[in-house]
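Spelled out from the first residue to the last, the chains are:
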Amino acid sequence: MSTEDRPPAPRSLAEALRARGDVPLGALLRSRPDLITPVPTDLTQLATRAGTRASVVRALERLDRFTLQTAEALAVAAEPATYDELLGLTAGDDADPAVVAALPHALDVLREQALVWGGDDRLRLVRTARELLAPAPQHPSPTGLGPTVQEATAGMSPGRIQDIVTTAGLSSTHDSVSAVTALTGLFTDRARMATLLADAPADSLEVLERLVWGPPYGQVTADPAARLRWLLDRGLLLPTAPGTVVLPREVALHLRRGLAHRTPEPVPPVVEAVAVHRPQVVDSTAAGQAYTALATVEELLKDWDEGGPAVLRAGGLSVRDLKRTAVALDVPEPVAAFWVELAYAAGLIASDGEADERYAATPAYDEWLEAPAAERWSRLATAWLAATRTAGLVGGRDAKDRTLSALGPGLDRSAAPEVRHRVLALLAVLPEGAAPDDGSVLARLRWERPLRGAQHEDDPRTRLARWALSEAELLGVTGRGALSAHGRALLGAAAAARHPEAEGSGPGDSGPGDKLPVHHHHHRPAPIAPLSPAEQAVASAAAARLLTPQLPEPLDHVLLQADLTAVAPGPLRRPLADMLGVLADVESKGGATVYRFTPGSVRRALDAGQAASDLHAFLAAHSRTPVPQPLAYLIDDVARRHGHLRVGAASAYVRCDDDAVLNEILADKRAAGLGLRRLAPTVLAAQADPAGLLEGLRVMGFAPAAESAEGDVLITRALAHRTPPRTAPEPVPDGPPVPDDVLLAAALRAIRAGDLASTTPRKPGTAPAVNGELPRTGSAETLATMQAAVLTGEALWIGYVNAEGTASQRVIAPIRVEGGFVTAYDHTADEVRTYPLHRITGVAELADDSG
């Protein structure tokens, strides 16, 4: 393309965005959804929003390490920079081939994210990004570079600058500007700098070695040593404040052989497999853990069936209640916190909202219990994937040094779903059955989001990843550290499509220690976000189908033994399990559950309304072995003695220290139906049950209280206490959601429309829009211009205020004007619309060549 044919270079980010097609503009809005919340009126406003500090910080946080290094290199380059200058800063004088190959893609990402604009001959970093990334004493750059010679000498006296120039072997100049330019030219000339440093004392070079990779600042006394004096005299160190010197950026780059970063990282760390198991072993192990997860959640909710622990005043479980729950589940407290939080995230437990507020199962728990086992698991796993509540934080301290409690506030971490998805996605790229080295997974995550946390083993994102790995194993998403088949399905086909690095994994990738295929340099690590609700529903159903054959089939029988025990060799069908839970006590759990029959457990069944004959029939029907004689004798013996002491017709009593009150009750005609008779001066017996007696006395105007066998006031509860209907807690979003195709298309259309209206040329003599100001004309002039445009077919520029008071600019071609309305083809909306004339603020004609 000749120079004449080449489009003019953009003069601003807005012009650069205006030159984009819909596909790259849509890619920007997808990667930075905060830019369309709300939708900007035109591309100028979009560019302004893209340069705001909050938006730029968020965009920088989502860059991988090499792309961020590229932006940091641009921040220390002259502005505008050329591609060759940027390549020199990232690849160095030796032109590292990996950097050379990766740089075009990194630059494309920065351009796509609107952090860099301009052609390869005039690259510009968005001003806010430059301010954030450029070196400054207040916030040193990761490059370790200091200020330029020009910046470091800004407050230096002209005489001192001339002394430095002449001592460095340069000719003196007439002004400081040319002197600084000459010194900069010396420091950026490799050959002349080599000559200058060849004469440097060895101990002076040692000083430079200590400062070269940063921090570039050092302390000096009022009378510097000879080795420092040699450097100061030649400008190789420059004073920035009393007692402080700095290594100029140009000198450091020469000593670094042009590198902005000590270790450029163009290629992501590989995720290594430390062990490879047969896929069948992984799937069966994960399925076993999935079954254990279901049993654990059921046991937790059964333990809370009559109302769980009290809710703390600040919300959440007390430390004592968490300990008690851990003992009941026979797991460590952090694991108990995980199961409690998982049940909460799945909507199975919640606060009952009563005055004496307690946690209890929700009505959704009963529905969950009736579902097939694999579906129950997929519901738990789906809730875990999307939850922002993070059980790993339980027991820690918040910003105000308060203890974080299970089910309490302060546990939400908006990055948790993305980290879980990304961890599982990295496992999915490994060959089937391969368990990763956790350290390599964490290193990869730190490379992908270096700004999301400090670069150490305990940064927030690393902790989230560690918890994701351990929780995936607890839940049965992974088995022996490797992703299971149902775990892969849970991610969904959409997740696999978002991982271009999956390309290239071949059948040979099956040995221990095999590594992930390295990214091709034209690929970027895809940002992994949770699937849409519809996609996740499909993925969860697929995971349940794969898990179903791996789970043990519920049994309808047990094995009775002569030692008064019953062995359930697997999970039992619910009616059998419920009845056996009443008739016997659980002695041990595991692959097989052992139940023990005792006089107390048999009495419990008889109290529940079962007769001895019912128990004999039940055991005979559900045992694969004959009912042992000792068990039959136990049942008959307990049944024979059961009811020896009988409760008569007086099923309730009333006691009161004031016998006059009791006399009043007996004399009341309304008490006749209660069957009251005096047993003692302060006690009345009744034939009515306690509930009926309470209600009858209340009708009579008394305020009785029920009491327990110990004489304490009794607060009655239903046996299976349930909360009112509750919804599962909503995840706390990590910023605005990524727009779907419909919203994206609408946003692009609106932005293009507003931009067309604001940039279309007007005819000479019409008032131009200033800062988005709408055209203003009188109603008579507006009507006359509209009617003339109907005859000529010309397009007009109008200002319009809708019924909600929102103002916009539009380009229309009027078709007819009648009844106070104008019907026109709206170029900005690409459709025919009708506008009330009184809502049009003004009109202006467009230039003839506006198109």
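Residues numbered from 1 in each chain as written. Predicted model: local features only at pLDDT ≥ 70, side-chain atom pairs only at ≥ 80, totals over all residues. Heavy atoms only, no water.

**As for the pattern of salt bridges**
A complete count under the given rule lists 31 salt bridges for this structure. Its salt-bridge partner being Glu-448, residue Arg-444 comes within 3.0 Å of it at the nearest N-O pair. One end of the pair is Arg-444 and the other is Glu-448, both in helix H22 (residues 438-448) and four residues apart, which spans about a single turn. Here Arg-444 matches Glu-448 in class, with each residue buried. Each of Arg-58, Arg-62, Glu-418, Arg-449, Arg-461 and Asp-734 takes part in a single network of salt bridges with overlapping partners. (Salt bridge = Lys/Arg side-chain N within 4 Å of Asp/Glu carboxyl O. Helix = DSSP H or I, 4+ residues; strand = E, 2+ residues; numbered from the N terminus. Buried < 20%, exposed > 50% of the residue type's maximum accessible area, 1.4 Å probe, protein only.)

**Regarding the sheet that holds strand S12 (residues 559-561)**
Within the open sheet, the four strands sit side by side as S12-S13-S15-S14. Their pairing is antiparallel. One side of each edge strand has no neighbouring strand; the edge strands of this open sheet are S12 and strand S14 (585-588). Strand-to-strand twist of the sheet, defined as the mean angle between neighbouring strand axes without regard to direction, takes the value 30°. With four bridges joining them, strand S13 (residues 565-568) and strand S15 (residues 593-596) adopt antiparallel strand pairing. Within the sheet, the bridge partner assigned to Thr-565 lies in S15 and is Arg-596. (Pairing = 2+ DSSP bridges. Axes fitted to C-alpha atoms, helices over the stretch in contact; angles between N-to-C directions.)

**Quick look at the side chain of Thr-143**
Mapped onto the elements of the fold, Thr-143 is located in the loop between helix H8 (127-133) and helix H9 (149-152). On the basis of relative accessible area, Thr-143 is assigned to the buried category, the value being 2%. A polar contact of 3.3 Å, which involves the side chain of Thr-143, links it to the backbone nitrogen of Leu-145. (Polar contact = N/O pair within 3.5 Å; in protein donor to acceptor, adjacent residues only side chain to side chain.)

**Some remarks on helix H20 (residues 373-386)**
Between its terminal C-alpha atoms H20 stretches 20 Å, which fits the 20 Å expected from 14 residues at 1.5 Å a residue. Taken as a whole, H20 has its buried residues at Ala-374, Arg-376, Trp-377, Ser-378, Leu-380, Ala-381, Ala-383, Trp-384 and Leu-385. (Expected span 1.5 Å × (residues − 1).)

**Considerations on the sheet that holds strand S21 (residues 821-826)**
Read from one edge of the open sheet, five strands run S22-S21-S20-S19-S23, paired in antiparallel fashion. Every interior strand has two partners, whereas the edge strands, strand S22 (831-836) and strand S23 (840-845), have only one. Going from strand to strand, the sheet's axes swing by 45° on average, the running direction of each strand aside. When strand S19 (residues 796-801) meets strand S20 (residues 807-818), the two strands line up antiparallel, connected through six bridges. By the bridge assignment for S20, Gly-799 is matched with Gln-809. Most of the contacts of helix H34 (residues 779-792) go to S20, to which it runs at about 60°, and overall it touches S19, S20, S21 and S23. (Contact = heavy atoms within 4.5 Å.)

**With respect to the pairing of S15**
Note: S14 against S15, three bridges, orientation antiparallel. Counted as the bridge partner of Ser-588 is Val-594 from S15.

**Digging into the packing of helix H5 (residues 65-76) against helix H6 (residues 83-91)**
Each pair of packed helices can be described by the angle between their axes along with the distance between the axes. H6 packs onto H5 with a crossing angle of 120° between their chain directions and a minimal axis gap of 9 Å. Relative to H6, the crossing made by H5 is right-handed. Touching Thr-70, Ala-73, Leu-74 and Val-76 of H5 are Leu-86, Leu-89 and Thr-90, all from H6. Each residue belonging to the contact of H5 with H6 can be placed in one class, and the counts come to five nonpolar, two polar and no charged. (Left-handed = near helix turned anticlockwise from the far one by under 90°. Nonpolar A, V, L, I, M, F, W, Y, C, P; charged D, E, K, R; others polar.)

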